[in-house]
Amino acid sequence: MATQHVAPPTPRKRDEAQTAVQVWAAPRSAGVGGQIGKIVLLGLVAAIAFWGAFPLVEAGAWVALGILVAVTALIFYVYLSGRHIPVKYLLPGTLFLIAFQVVPVLYTVSTAFTNFGDGHRGTKQDAIVAIQTSSVTQVPGSAEYGLTVATTGDPATGPLVFLLVAPDGAVFAGDSDGLEPLAAGAVTVSAGRVTRADDYTVLNLGQASARSAELTQFGVPTANGAIRASGVSRAYEGQAARRYDRSCDCVVETATGQRWVADAAVGSFVNSAGERLPQGWRVNVGLANFTRVVTDPAIAGPFFSTLVWNFAFAIGSVLVTFALGLGCALALHSTRVRGRNIYRILLVLPYAMPSFAMLLVWRDMFNVDFGLVNRLFDLDVDWLGSPWSARVAVILVQLWLGYPYMFLVSTGALQAIPSELTEAAEMDGAGVWQRFRAVTLPLLLVALSPLLIASFAYNFNNFNAIYLTTEGGPFPADNPSVGATDLLITYTYRLAFGGSGAQYGFAAAISFYVFLIVAVISAISFRSTRRQEEVYG
Amino acid sequence: MTRRGPATRRAVERGPARWLRRVGWRHGVAWLAVAFSLFPILFVLSAALNPLGTLSSTEVVPTAVTGDNFADLFSRTPFEMWYLNSILIAGVSAFAAVGLSILAAYAFSRMRFAGRRVGLLSLL
């Protein structure tokens, strides 16, 4: 905005600017300290680049490695050459801006075009392995192994490895990639089980049972099926009931002959009845996620009602906080009020309390049985239990959290309005309301509308205000996916990370809609405030 | 009968009524707002002093006072570490943000170069 008011450079100014550039471009001795600082910082960059390069080479991530090399080379070029002085100042900010703003946005947008989510996380090959491994059942005569559960990392969280002793005494290490024979010298075997192995941490009984849920899911793929645990000390090689058949690109159930054909458009194996296997893979679904928001009736209805409430919440929060803040500021805008500095300090105290904690305290104050609000006023209102009282409650919480800020900025803006203007209006016979309506409020809005718009944009995505108080609830009995106080951002969060399975692709599409809405509204309102400034300023 | 202007009418209205109209209501608004501001904070303070340690047994005005909760904070939780972590994160992010912004702002305001205007606008 400020750029709009920069006058075109006069010839004199341009001369000055050019002199400035010349002064800068002239070779300067940076001083010994500066040189040493530069060498240290560039050395640090090189060290970080090397440190980051080895894992990338190991993982074969050549694109990422290329980017790393290019960025490092750019940094060295910019700071070692004597030219491009402005770039020296802009490069750090630009790199961080790209890394923390542009890349996440691009990643979100690219995710929105895929079906990424639970059941569609990896490649098709991963899905086939998962289907075959999970369908393994023990058949008569299948090989039995002595099992020791181990890991390559932390006992509680590291990736699981099965250390297996075959009936013939051979020792293997098996993980989700398959079996690998272990040299006899690298392990200690006693009573048919491995008790120690180089490079692996053996889990004791307690540690292994703590991860029993993972153990029952875990399988080491083999040629005919998979090796699965039965308990924590025995394992068997079972036969896969479902097998992938390359010739028909389908999964066949061996016993019944039923087949699920791979469908690349949805990333799933689908049978003739249209039923999908739970394990699929990640594919590009084009605009399906974006159109689903509008066309799927189970999504579109809740989406639009959420959108309406989202607007009501953001506008309502801004209006009530501004109204109360301005009211208090007007009341205290008089030197005749004794002790007004004490009033002001006490009024802004909510602003000093950590909002995270206070949101949780407010949630408990609205509790129907033990909440302070009901006890204090002797009410029996289920505040967070019915849609409208929950909406009122969250707005009330927003009012408490937000009005001290509005009070502060309104007080500042009121003091900046020259008293001559209101006095002149009084001379002309304007009443109190007229003076406020025609003089004070327009002048206040010139200064405050950018803040109000920013506050609107912030509240539009005010995840904490909803998630820490109502968690989006109360939920209607027939649709547990979207509640009465859900904002789009909390709705998106539940889609992406909620209990009913993650749908990252779809959630990313909704985030993109939210981004568009906020960007458009902010752009329009900033444009109109600029016009307002031209009128009054 | 003399005409009574606004000045004389104002002069008639004296004492408490005048005070109420010009100053008193301001105190009223301020008192209400202060009460609204402070009661959750008093509630938190009262809960901190409450020996039972639950919000549902807490009133706005403390009914019993104990320092146990404050002592527990230091004896039973790594509060010092939380505090240091907060300072570390706030300090590093503030310094990094200000440092990067200063560099960019210096270049934009003191130097003239190709793409300056476009860069500034896209940054905003």
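Keep in mind the model is a prediction, meaning the values are calculated, not measured.

(A) Structural detail: the interface of chain B and chain A. Contact with chain B, which involves 38 residues of that partner, is made by 43 residues of chain A. Around 3500 Å² of area is buried between chain B and chain A when both sides are counted, 77% of it from carbon and sulfur atoms. Among the residues chain B hides against chain A, the three largest losses belong to R26(B), F36(B) and M111(B). Together they make up 16% of the total. Applying the counting criterion to the chain B and chain A interface returns zero salt bridges. For the pair chain B and chain A, the interface holds nine residue pairs in polar contact (both at pLDDT 80 or more). Where the side of chain B that touches chain A is concerned, the elements lending two or more residues are α2 (15–49), α4 (79–110) and α5 (116–123) of chain B. With 18 residues, the top contributor of residues to the side of chain B that touches chain A is α2(B). Grouping the amino acids of the side of chain B that touches chain A by side-chain chemistry returns 28 nonpolar, four polar and six charged.

(B) Looking closely at the confidence of the model for chain A. Residues and elements named next belong to chain A. In the predicted model, chain A carries a mean pLDDT of 81, and 93% of its residues have values of at least 70. The secondary structure element of chain A with the lowest average pLDDT is helix α1 (residues 11–25), at 46, and the one with the highest is helix α14 (residues 387–416), at 91. Predicted confidence is poor over residues 1–27, with pLDDT under 50, and the contacts of this stretch with residues over four places away or in other chains come to 17 contacts.

(C) The sheet that holds strand β15 (residues 268–270) of chain A, seen in detail. Residue and element names in this part refer to chain A. Spatial strand order, β12-β13-β14-β15: four strands in an open sheet with antiparallel pairing. Taken across any chain shown, the strands that pair with only one partner, and hence form the sheet edges, are β12 (242–245) and β15. Strand-to-strand, the axes of this sheet are offset by a mean angle of 30 degrees, without reference to chain direction. With four bridges connecting them, β12 and strand β13 (residues 250–253) associate as antiparallel partners. For R243, the partnering residue across the bridge sits in β13 and is V252. Its contacts with the sheet place helix α5 (residues 124–134) against β12, β13, β14 (259–263) and β15, and it is angled at close to 150 degrees to β12.

(D) Up close: the pairing of strand β5 (residues 178–181) of chain A. All names here are of chain A. Both strand β4 (residues 171–175) and β5 contribute to a ladder of four bridges, which runs antiparallel. In the sheet register, F172 faces β5, and the bridge partner there is P181. In textbook terms, the turn of a hairpin is the stretch between consecutive antiparallel strands, and for β4 and β5 this stretch comprises two residues.

(E) Seen up close, a nonpolar patch on the surface. On the surface, L41(A), L44(A), I48(A) and W51(A) cluster together into a nonpolar patch covering about 500 Å² of accessible area. Along the polypeptide, W51(A) turns up in helix α2 (residues 31–59).

(F) The arrangement of the packing of helix α9 (residues 297–331) of chain A against α14(A) in detail. Residue and element names in this part refer to chain A. Interaxial distance between α9 and α14 falls to 6 Å at its minimum, and their mutual angle equals 45 degrees. By the angle between their directions, the pair α9 and α14 is classed as oblique. In terms of crossing hand, the pair formed by α9 and α14 is right-handed. The class makeup of the residues in the contact of α9 with α14 is 16 nonpolar, eight polar and one charged.

Cut-off values and rules
- Residues numbered from 1 in each chain as written.
- Chains lettered and ligands numbered in written order.
- Predicted model: local features only at pLDDT ≥ 70, side-chain atom pairs only at ≥ 80, totals over all residues.
- Heavy atoms only, no water.
- Contact = heavy atoms within 4.5 Å.
- Buried area = accessible area lost by both parts, 1.4 Å probe.
- Salt bridge = Lys/Arg side-chain N within 4 Å of Asp/Glu carboxyl O.
- Polar contact = N/O pair within 3.5 Å; in protein donor to acceptor, adjacent residues only side chain to side chain.
- Helix = DSSP H or I, 4+ residues; strand = E, 2+ residues; numbered from the N terminus.
- Nonpolar A, V, L, I, M, F, W, Y, C, P; charged D, E, K, R; others polar.
- pLDDT = per-residue confidence, 0-100.
- Pairing = 2+ DSSP bridges.
- Axes fitted to C-alpha atoms, helices over the stretch in contact; angles between N-to-C directions.
- Patch = residues over 30% accessible without salt bridge, like charges linked within 9 Å, V, L, I, M, F, W, Y side chains within 5 Å.
- Areas by Shrake-Rupley, 256 points an atom, 1.4 Å probe, with all protein chains shown as cover.
- Parallel < 35°, antiparallel > 145°, perpendicular 65-115°, else oblique.
- Left-handed = near helix turned anticlockwise from the far one by under 90°.

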